[in-house]
Structure formats: structure tokens, C-alpha cells
Amino acid sequence: MGMTDSQRPSDYPDWLSALARLIYKLAGWHVEGGPPNLPKFLTIGAPHTSNWDGIHMLLLSTSLGIRMYWLGKHTLFKPPLGILTRAANGIPVNRQSTKNAVEQVVETFNERERFVLIIAPEGTRKKVDHWRTGFYYIAQGAKVPIVLTYVDYQRKRVGMGPVIMPSGDIEADFEIFRAFYADKVGRHPEKMGTVALSPQEKRRVTRAAKSKES
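Counting restarts for each chain, with residues numbered from 1 along the sequence as it is written. With pLDDT at 70 or above as the cut-off, local features in this predicted model cover only qualifying residues; side-chain atom pairs require 80 or more to be listed or tallied, and sums for whole chains, interfaces and linings still use all residues. Hydrogens and water are ignored here; the side-chain numbers use all heavy atoms of the structure.

Peer 1: Outline the nonpolar core, listing residues and values.
Peer 2: We define the nonpolar core as a collection of buried residues of types Ala, Val, Leu, Ile, Met, Phe, Trp, Tyr and Cys that are connected through side-chain atoms lying within 4.5 Å of one another. Working definition: with a 1.4 Å probe on protein chains only, accessible area under 20% of the residue-type maximum means buried, over 50% means exposed, and in between means partly exposed. The biggest cluster of nonpolar side chains holds 31 residues, and the ones touching the most others in it are Leu-42, Phe-109, Trp-131, Phe-135, Ile-146, Phe-177 and Tyr-181. Elements that contribute at least two residues to this core include exactly strand 2 (40-46), strand 4 (90-93), helix 4 (101-111), strand 5 (115-119), helix 5 (134-142), strand 6 (146-152) and helix 6 (170-181). Any two residues having at least one pair of non-hydrogen atoms within 4.5 Å are treated as being in contact. Not counting chain neighbours up to four residues away, the residues in contact with Phe-135 comprise Leu-42, Ile-44, Ile-119, Pro-121, Ile-146, Phe-174 and Phe-177. Only runs of H or I of at least four residues qualify as helices and only runs of E of at least two qualify as strands under DSSP, and these elements are numbered from the N terminus.

Peer 1: Now, about the pairing of strand 6: what can you tell me, with residues and values included?
Peer 2: The buried fraction of strand 6 is high, at seven of seven residues. Side chains of strand 6 alternate between two faces, with Ile-146, Leu-148, Tyr-150 and Asp-152 and Val-147, Thr-149 and Val-151 buried alike. Paired strands, as defined in this entry, are two strands with at least two bridges between them according to DSSP. In this sheet, strand 6 lies alongside strand 2 in parallel orientation, the contact comprising five bridges. The partner of Ala-46 across the bridge, within strand 6, is Tyr-150. Relative to strand 7 (residues 157-164), strand 6 runs antiparallel, the two being bridged by six bridges. Each residue of the ladder has a partner; that of Tyr-150, found in strand 7, is Gly-159. Once strand 6 ends, the chain turns through four residues before running back antiparallel as strand 7, passing Lys-156 with a positive phi of about 55°.

Peer 1: Could you give me a rundown of the sheet that holds strand 7, with the residues and numbers involved?
Peer 2: Judged by pairing direction, the sheet is mixed, and its five strands sit side by side in the order 1-7-6-2-5 without closing on themselves. Every interior strand has two partners, whereas the edge strands, strand 1 (30-32) and strand 5, have only one. Between one strand axis and the next, the sheet turns through 20° on average, direction left out of account. The sheet contacts of helix 2 (residues 52-64) involve strand 1, strand 5, strand 6 and strand 7, and relative to strand 6 the element is tilted by about 120°. In the packing of helix 5 onto the sheet, the strands contacted are strand 2, strand 5 and strand 6, and the crossing angle to strand 2 comes to about 170°. Angles run from 0 to 180 degrees between N-to-C directions of axes, and those axes are lines fitted to C-alpha atoms, restricted for helices to the stretch in contact.

Peer 1: Run through a nonpolar patch on the surface, naming residues and quoting values.
Peer 2: Nonpolar side chains (Val, Leu, Ile, Met, Phe, Trp, Tyr) within 5 Å and like charges within 9 Å form the patches, drawn only from residues with over 30% relative accessible area and no salt bridge. Using a 1.4 Å probe, accessible areas were evaluated by the Shrake-Rupley method; residue-level cover was limited to the displayed protein chains. Between Lys or Arg on one side and Asp or Glu on the other, a salt bridge is scored when a side-chain nitrogen of the former is within 4 Å of a carboxyl oxygen of the latter. A cluster of nonpolar side chains, Trp-15, Leu-19, Leu-22, Ile-23 and Leu-26, forms an exposed patch at the surface whose accessible area comes to about 550 Å². For Trp-15, the location among the structural elements is in helix 1 (residues 14-26).

Peer 1: Explain the packing of helix 1 against helix 2 residue by residue, including any values.
Peer 2: One can describe the packing of helix 1 onto helix 2 by two numbers: an axis separation of 7 Å at closest approach and a directional angle of 130°. By the angle class used here, helix 1 and helix 2 are oblique. Handedness of the crossing formed by helix 1 with helix 2: left-handed. Each of Leu-16, Ser-17, Ala-20, Arg-21, Ile-23 and Tyr-24 in helix 1 lies in contact with helix 2, whose residues at this interface are His-56, Leu-59, Leu-60, Thr-62 and Ser-63. Just so you know the grouping, Ala, Val, Leu, Ile, Met, Phe, Trp, Tyr, Cys and Pro go in nonpolar, Asp, Glu, Lys and Arg go in charged, and all remaining residues, Gly too, go in polar. By residue class, the composition of the contact of helix 1 with helix 2 is six nonpolar, four polar and one charged. Each angle gets one of four labels, with under 35 degrees taken as roughly parallel, over 145 as roughly antiparallel, 65 to 115 as roughly perpendicular, and the rest as oblique. By convention the crossing between two helices is left-handed if the near helix lies anticlockwise of the far one by an angle smaller than a right angle, and right-handed if it lies clockwise.

Peer 1: Before we move on, could you go through the pattern of salt bridges and cite the residues and values that matter?
Peer 2: A side chain with one charge may pair with a side chain of the opposite charge, provided their charged atoms come close. All chains considered together, the criterion is met by seven salt bridges. Among the charged side chains, a salt-bridge network with shared partners connects Glu-32, Asp-152, Arg-155 and Arg-157.

Peer 1: Describe the packing of helix 5 against helix 6, with residues and values.
Peer 2: Between helix 5 and helix 6, the shortest axis-to-axis distance is 12 Å and the interhelical angle comes to 115°. Judged by the angle between their axes, helix 5 and helix 6 are roughly perpendicular. Helix 5 and helix 6 meet at a crossing whose hand is right-handed. For the pair helix 5 and helix 6, contact is made by Phe-135, Tyr-136 and Tyr-137 and by Ile-170, Asp-173, Phe-174 and Phe-177, respectively. Its residues assigned to classes, the contact of helix 5 with helix 6 comprises six nonpolar, no polar and one charged.

Peer 1: I'd like a rundown of the packing of aromatic side chains, residues and numbers included.
Peer 2: What counts as a ring pair is set by centres within 6.5 Å for rings of Phe, Tyr and Trp (its six-membered ring), and what kind of pair is set by the plane angle: stacked under 30 degrees, edge-to-face over 60, tilted for all other angles. Enumeration according to the criterion identifies 14 aromatic pairs in this entry. For the ring pair Tyr-24 and Trp-29, a centre distance of 6.3 Å and an interplane angle of 40° mean the geometry is tilted. A residue is classified by how much of its surface remains accessible, and Tyr-24, at 2% relative accessible area, is buried. The class of Trp-29 is buried, set by a relative accessible area of 11%. A centroid spacing of 5.3 Å and a plane angle of 35° characterise the contact between Tyr-69 and Phe-115, whose relative ring orientation is tilted.

Rendered as C-alpha cells:
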């Protein structure tokens with residue numbers, strides 16, 4: 001586990017980052033932490049309970065001078081809408097491809113010299129009893145760290161926290177995620193998802209562990 005480094009070259013003009021920080025200051029919010037000094041990493045945004053979370057991520061990324069990309073269905077990138085979605089840092093994922101979404105995104109990481117991807121592991125603004133694990137396997141496949149990004153409406157804090165390199169022990173790494181987000185409160189606390197593996201994922205992990213032992 002490492003902490004963030006403020007020396008990463010900025011992806012935005014200084015004046016634009018200063019404007020984003022001013023907006024937060026006027027709104028009574030505080031920005032904490034910063035991105036690691038790395039050209040590529042995956043960051044997760046949680047808790048995700050409101051459309052306002054997307055606004056926060058846009059403001060946060062601008063204030064920190066880091067361009068964060070997001071994933072969308074490939075149909076959203078067809079003209080004329082595609083001009084806007086690409087301009088808004090969208091990355092298409094073709095679900096009809098012979099390659100699954102994880103493989104496609106890993107390829108995108110490998111093809112680019114600088115790339116930061118943000119994923120909301122809850123996958124929805126509704127309450128869920130587990131996180132989706134695609135983000136973990138993307139980071140593991142691309143050999144990039146996971147940065148823990150958050151919005152805490154209770155304390156009016158938004159920022160980037162620890163840098164976690166996937167260890168391969170997803171259960172142990174999820175315990176780190178759970179502990180970090182334990183005191184972060186979403187805009188709608190009743191909709192906050194549980195930081196846990198799904199029963200299906202737990203069974204898959206158990207089978208993989210037994211396979212290694214045999």
C-alpha cells in the first residue's frame with residue numbers, strides 16, 4: 001500500500017484546476033489527497049448512490065489535474081452522440097465482441113502510455129449486497145494499481161486515498177477496500193452497497209484455491 005504523490009504532471013490547464021478547487025471551496029467542500037505519480041492506474045469511485053457522484057468525480061479530476069476515463073456501451077459512441085461521449089472521456093466496450101469486457105479494457109491500458117480509468121464497483125445507484133469485481137481483474141490483467149477514490153457527503157470531503165496493487169488474493173484486498181470505505185457516507189446512505197464479494201465470486205475463489213492445492 002502506498003500513498004499518493006502530488007508530482008504527477010497535470011492533464012488540465014492550471015486555471016481550470018484552480019476553478020474546480022474554487023467551486024469546492026465556495027460549496028464548503030474539501031479535496032483530500034491526490035493522484036499517484038504514475039502514467040496509468042485504475043481508480044474506483046465509492047460510495048455511489050446519486051447522480052451527483054458523477055459531478056463530484058468530474059470536479060475532483062479537474063481540481064487534481066487528472067483526466068479520468070469511464071466505460072460505456074459501444075452503441076453510445078456511434079455518431080452523432082459518440083462525438084459527445086468521446087469528448088466526455090468515454091471509452092467504448094463492445095459486449096458483442098468475442099473478447100469479454102475485462103480483456104477489452106486491459107488491451108486499452110496496454111495500448112496507451114497514459115491512461116486513468118474510473119469505475120464505480122457498485123455498478124448502480126441502488127443498494128446492492130456486493131461489489132462487482134471486473135475492476136479488480138482489469139487492474140490485475142493490466143498490471144496497474146487501484147487507487148481508492150471517494151465522496152463523503154457527511155464530512156463534505158472528496159479525494160483520492162491509498163494506492164493498492166492487486167495481490168491476487170481478492171478476498172484479502174477486498175478487506176482493505178472495506179476498511180477504507182467504512183467511514184465514507186454517500187448522499188443517500190440507505191442506498192450504499194456492501195463492500196463484499198458476491199456468493200458466486202466467493203465460490204469461484206474457493207474453487208481456484210482448491211485447484212492450486214491439488
